[in-house]
Every structure is written in structure tokens, then in C-alpha cells.
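One-letter residues, chain by chain:
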Amino acid sequence: MASAKSKDSRLRLLLVFAAEDDAALLLARIREAGHEPQSTRVASAETLRSALLSQAWDAILCEHRLPGLSALAALKLMQSLDFDLPFIVISDSIDDKAAARAMRAGAHDCFARNSLERLAPAIEREVRDARHRADHRAALEMLKESEARFRVLAANLPGMVFQLQVEPDNSLRFVYVSEGCHKLFGLKQHELLATPQRFLAAIDTTDRAIFEQMLKESAIGFATLNWEGRIFSNGQAKWINLRSTPQRLDAGGIQWQGIVTDITRSKEIEVQLRGSREQLSELSFHLESAKEEERERIARDIHDELGSTLVAIKIDLALLGAKLPAEPVGGTLLRDKAHMIEALVDRAMNTVSRVARELRPGILKEFGLPAAIEYQAEDFSQRTGIVCRVKCDEDGIELDEKTSLALFRVLQEALTNVAKHAHASLVVVRLRREKGRIALEIRDNGRGISEADMNKPKSFGLRGIRERASSLNGEFTITSAEQGGSHIILLVPDANQGNTAAPAEEEPQRNLF
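What comes next is a walk through the structure. Each chain has its residues counted from 1, following the order in which its sequence is written. Where local features are concerned, this predicted model is filtered to residues with pLDDT of at least 70; where side-chain atom pairs are given and counted, the filter is 80 or more; whole-chain, interface and lining totals use all residues. Hydrogens and water are ignored here; the side-chain numbers use all heavy atoms of the structure.

1. So, the pairing of strand 11 (residues 236–248)
Where strand 10 (residues 225–233) lies against strand 11, nine bridges are found, and the strand directions are antiparallel. Counterpart to Phe-232 in the pairing with strand 11 is Ala-237. Between any two strands, pairing holds if DSSP finds at least two bridges. Helix and strand assignments come from DSSP, with helices taken as H or I runs of at least 4 residues and strands as E runs of at least 2, each series counted from the N terminus. Where strand 10 hands over to strand 11, the hairpin turn is made up of two residues, of which Asn-234 adopts a positive phi near 55 degrees. Across nine bridges, the pairing between strand 11 and strand 12 (residues 254–262) is antiparallel. By the bridge assignment for strand 12, Ile-240 is matched with Asp-262. Here strand 11 hands over to strand 12 after five residues, with Gly-252 in that stretch at a positive phi of 105 degrees.

This is how it looks when you write it as C-alpha cells:
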């Protein structure tokens, strides 16, 4: 046990004594207390300086009447080197005036040569206190470095770092603000700290009420505060984002710590981007309108010019066939040949009619969207062999030409995708009124559609449907259906919503398949 104590209590002592015997006497007293000190004896100012700089020491024991080096001079030398070590004076008499002066100058204790019983405990106490002081200085230094790093970071952040508290009278008080407050609000740090109400005064009136409400909600729910609003600084409007995290204080209050950043440029870019998207949408709508006009013109030319030409050819062929002999001429039955040509003309006429309808369905203009949907579904079933069921509201849905054409094109695109990709055997189309809007719903029982399919860079069909929905101020969604396949819903405003009551919801999908 004694050896453990000796090992743990090893002291590094610097002895400033002229005589070796006097130093040995002190070491003997210290060893009697259970210590195994490591010591070095010096006897001049130069050797004292060298010893202090050579290694770390726990304490200095100094003879106060050392020839050429008084205790007061040795103490001043230690202090000049910025050492904070226990400095204990060993005096011939406890009342020695020189020793008393050394104590006033900063020595930690003083002992008479003939009374060293308290020397070891005094050394232990002073060494312990010195280590505490060293730890305290190190902590202060670390704190200063941490504060310096924080201030550098705060000064270089693109905004204002702050600590905010709500006073008992519900007024705001800034505990800390960084230098960024001047760039944001045109106020120096001390100005904003002294008059925090200038922060609220800078916020736009409407946004200020929202900020105060969100601050209350953050305090009640202890949730992160993330607010965006407008401020006015030096006559200039700015957008800022304030994001902070609340922390409970020991006194019971709440303190928000966060950062305020200038997002004016982001808001300007957002407005520009929104305007650019609107322009692109308008351009897309214009191109679609131009394309539809061109389709209508081509369909009209095909129907009027090519159709009438084919009709004339068919009439002439019929007349010619009636005049041809019924008997073979040169081994060829000319009348049968004329009938074959007439059949080819019929096929051409059917093709012309189909192309004209696809370019611009006349039934849409003459009989409305429900009839055009039913006709398109029937034509789709005949061409692909996929069953296509249609259900439209019985009370009739009358839409303007633009909306009807857009919904019809969406149906065409959706049916084309089903035929190409879905591997379905059944398609269900529903046109109905729903809560003041017209809903076009298309379901199939195919393989469905994945997120990857919807996000393909060249998925222009779905993009076209979205653009058409956007041009009508509508909503478009496409999801996987409940029992497999895809489910498309397009909702557009109903101009006659005040005149017609919404019908009952359709039956569940499982009843459709």
C-alpha cells in the first residue's frame, strides 16, 4: 500500500539551496510523508532558469538567504518566465522580513527550518491547487479557441446566426447575433441586441403575423421553426429564411438558436423558373393548337379532295365494269378484274376515312365527347382485339371544343400505350362528373406501370398528357390499379358544375373485370 502511494505521489521538485545537506534534509522530511520525489538542486539564477526551461516541475522549494539569489529574486525569475508553480520559502525564522516580502510578492507558503512537519501536506495542497489552476487555464483557453472558431464560422456563414428568447412579457430578446445582421437588416450587432423590436418592425406586416404564430407553435410543440418571409432593409425588400431549434433553459424558458439567411436570389430564380414554365406551357399549348389546326386542315383536304376523287373513281369503275363483256377476253375475265380494282378503291376509301377520323374525328364535333369516346373504344377493340368497355354519365356531358378535344387526345394516347405496352385483355373507360369537375378514368388489367417507366427521359406520351391537363387547369394521376394494371385519372373543371348534380361513385374495380 505504501509503495502504491509513493508511486502515485511522485513529485518533481526543484530545490533552490546552496548546501546539499539542507536540500537532503527537506527531501528526507518529504519521504517520511510517503513520497518518492524526483529533485534537482540549483544555486544560481542561471541554473534556475535552465532548470525551469528544461522540464516540467511540480513545485519550487527556495532557501530565502541563498548567496547571490534571494527568494524574492528567484520568485520574480519564475514569474518572468510565465510559470505558475507552487513557490515555498524555507526561512531561518518564520518572522523573517524578507520571507514576508516574498509571500506578499506571490510565494505560496513559508516554513522555518526547525518546523517542517507541515511541509509535505503543504506541498501536496499547493501542487493540487496549481494543477487545478492549470486545468482551469486550459479550459479557458479551449473556451476562447472554441468561441473564436464559432465567431469565424458565424462571420463567414451567408446569414445571421442568432440566439433568441421570449421574455415574460412576450417580447423578443436577442442573446446573440452575428455580424451578418448588418448585411441583412442594416443594423449593427449592438443595435439589434439593444432594440430587438427593430427585427419585428423590419418584417412585412402580413408575414410578421405568420412568424409570430409559427414561433408560438414552435414553443408549444417544441418543434423546429422554419419560416420564410419578406423584410424591408434600407428601403429594399428582401426574402429571408429563418430556421432555428428550440432549447429549454434551466430557468424554464425557451431559447431558439438558428440562422437567418437571405433567399432573395432564390426567390427571384423561383419566380423566373415559374414564369419560364408558364411560357413553356403556353408554347406547348400553342404548338398543340397549331398541330390540331393542321390536322383539321389535312383531314378536310383528305376528306374533300382525296375522298371525292376516290368516289369518282369508284363510280367510273362501276360504269366501266357494267360495259365490259362477261366472257373472258384472251383468257382474262375483264369484269372480274374491274371488280378487284373496285375492291381496292373501297379499301382506299376506308383507309382515307379512318385517317381523316384519326386526324380530326368529325363525330367529336357533331355528337360530343361521350359519342366520340364510344366510337374510339369500338374502333380500338376492332383493331387490337382488346375488350374496351365505356361508361358515361347518362345526363350528358357538354364541354367546349378545347376541353373535349384535349380529353379525346388523352384517351387516344392512353389506348395507344395500352396496345403497345400493357399486354392487357380489358380496358374500362369512364367519363363522369365528380365534385364539380369532369373525370376521365381509364383502367386496364395489364402489367401495370412502374416508377421507372413514368420517369423515362423519352416518355413523351405521359408528358403530353400532363401538359394537356395543365393547359386545362386540371389534374392528372397515373398509378398501379388495385388488382393489377394501370389506373389513369384526368380531372378538369366543369363549366356546367352549377347545373348538374354529381352522380354516384362507380362500382369497385373488382366488379369491372
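Picking up where we left off.
2. Here's the deal with the pairing of strand 17 (residues 486–493)
Counting buried residues along strand 17, seven of its eight residues qualify, which places the element largely inside the surrounding structure. Bridge analysis of strand 15 (residues 437–444) against strand 17 gives seven bridges, and the strand direction is antiparallel. Within strand 17, the position partnered with Arg-443 by the bridge is His-487. The pairing of strand 16 (residues 475–480) with strand 17 spans six bridges and is classified as antiparallel. Paired with Glu-475 across the strands is Leu-491, a residue of strand 17. Linking two consecutive strands that pair antiparallel, namely strand 16 and strand 17, is a turn of five residues; a positive phi of about 90 degrees is found at Gly-484 within it. Each residue is placed in one exposure class: buried if its accessible area under a 1.4 Å probe, protein chains only, is under 20% of its type's maximum, exposed if it is over 50%, and partly exposed if it falls in between.

3. Description of the packing of aromatic side chains
Planes of paired rings set the category: under 30 degrees apart is stacked, over 60 is edge-to-face and the rest tilted, where pairs are Phe, Tyr or Trp rings (Trp by its six-membered ring) whose centres lie within 6.5 Å. What the rule picks out here adds up to five aromatic pairs. Between Phe-174 and Phe-199 the ring centres are 5.4 Å apart and the planes differ by 90 degrees, which places this aromatic pair in the edge-to-face class. Highlighted residues: Phe-174 in strand 9 (residues 172–177) and Phe-199 in helix 9 (residues 197–202), separated in sequence by 25 residues. When its relative accessible area of 1% is taken as the criterion, Phe-199 is described as buried. The criterion for a charge sitting over a ring is simple: Lys NZ or Arg CZ within 6 Å of the ring centre, and within 35 degrees of the ring normal. Over the ring of Phe-222 we find Arg-248, and its NZ or CZ is 4.3 Å from the ring centre. The ring of Trp-239 is capped by Lys-267, whose NZ or CZ atom sits 4.6 Å from the centre of that ring.

4. What to know about unusual backbone geometry
At Asn-234, a position not held by glycine, the phi torsion is positive, near 55 degrees. Mapped onto the elements of the fold, Asn-234 is located in the loop between strand 10 and strand 11. By relative accessible area, Asn-234 is classed as exposed at 69%. Positive phi, close to 60 degrees, is recorded for Asn-473, a residue that is not glycine.

5. Examining the side chain of Thr-403
You can see Thr-403 is positioned in helix 15 (residues 401–422). With relative accessibility at 8%, the residue Thr-403 sits in the buried group. We call two residues in contact when some of their heavy atoms are within 4.5 Å. In contact with Thr-403, not counting residues within four places along its chain, are Leu-472 and Val-492.

6. Quick notes on the sheet that holds strand 10
The strand order across the open sheet built from five strands is 9-8-12-11-10, with neighbouring strands paired in antiparallel fashion. Both outer strands of the open sheet, strand 9 and strand 10, are each paired with one neighbouring strand and no more. Strand-to-strand, the axes of this sheet are offset by a mean angle of 30 degrees, without reference to chain direction. In this sheet, strand 9 lies alongside strand 8 (residues 159–166) in antiparallel orientation, the contact comprising five bridges. Across the sheet, residue Phe-162 finds its bridge partner in strand 9, namely Val-177. Axes here refer to lines fitted to C-alpha atoms; in helices the fit is confined to the stretch in contact. Angles between the N-to-C directions go from 0 to 180 degrees. Of the strands in this sheet, strand 8, strand 9, strand 10, strand 11 and strand 12 are in contact with helix 10 (residues 205–221), which crosses strand 10 at around 150 degrees.

7. Describing the environment of Leu-280
As for its position among the elements, Leu-280 is in helix 11 (residues 264–323). C-alpha separation for the pair Leu-280 and Ala-56, spaced 224 residues apart in sequence, amounts to 76 Å.

8. Notes on the pattern of salt bridges
Where charged atoms from two side chains of opposite charge come close, those side chains can pair. A carboxyl oxygen of Asp or Glu within 4 Å of a side-chain nitrogen of Lys or Arg is what we treat as a salt bridge. Scanning all chains against the criterion turns up 27 salt bridges. Put simply, Arg-113 and Asp-22 hold a salt bridge, and the shortest N to O gap is 3.6 Å. One end of the pair, Arg-113, is in the loop between strand 7 (109–112) and helix 6 (119–156); the other, Asp-22, is in helix 2 (residues 20–32), with 91 residues separating them in the sequence. Taking the relative accessible area as the measure of exposure, Asp-22 reaches 25% and is therefore partly exposed.

9. Looking at the environment of Ala-59
In this structure, Ala-59 sits in strand 3 (residues 59–63). Spatially, the C-alpha atoms of Ala-59 and Leu-11 are 8.1 Å apart, while their sequence positions differ by 48 residues. Once residues within four sequence positions are removed from consideration, Ala-59 is found in contact with Arg-12, Leu-13, Leu-14, Pro-86 and Val-127.

10. Let's talk about the nonpolar core
Ranked by internal contacts, the top residues of the largest apolar core, which has 39 residues, are Val-427 and Leu-440. Going through the elements one at a time, helix 14 (369–384), strand 13 (387–392), helix 15, strand 14 (426–434), strand 15, helix 17 (460–471), strand 16 and strand 17 are the ones with two or more residues in this core. Ranked by residues supplied to this core, first place goes to helix 15 with 10 residues. In contact with Val-427, not counting residues within four places along its chain, are Phe-380, Ile-386, Val-387, Cys-388, Arg-389, Leu-415, Val-418, Ile-442, Arg-443 and Asp-444. Val-177, Leu-187, Phe-199 and Leu-200 belong to the second-largest nonpolar core, a separate cluster that totals 25 residues. Remark: nonpolar core denotes a set of buried residues (Ala, Val, Leu, Ile, Met, Phe, Trp, Tyr, Cys) joined through side-chain atoms within 4.5 Å.

By themselves, these figures tell us nothing about what the structure is for.
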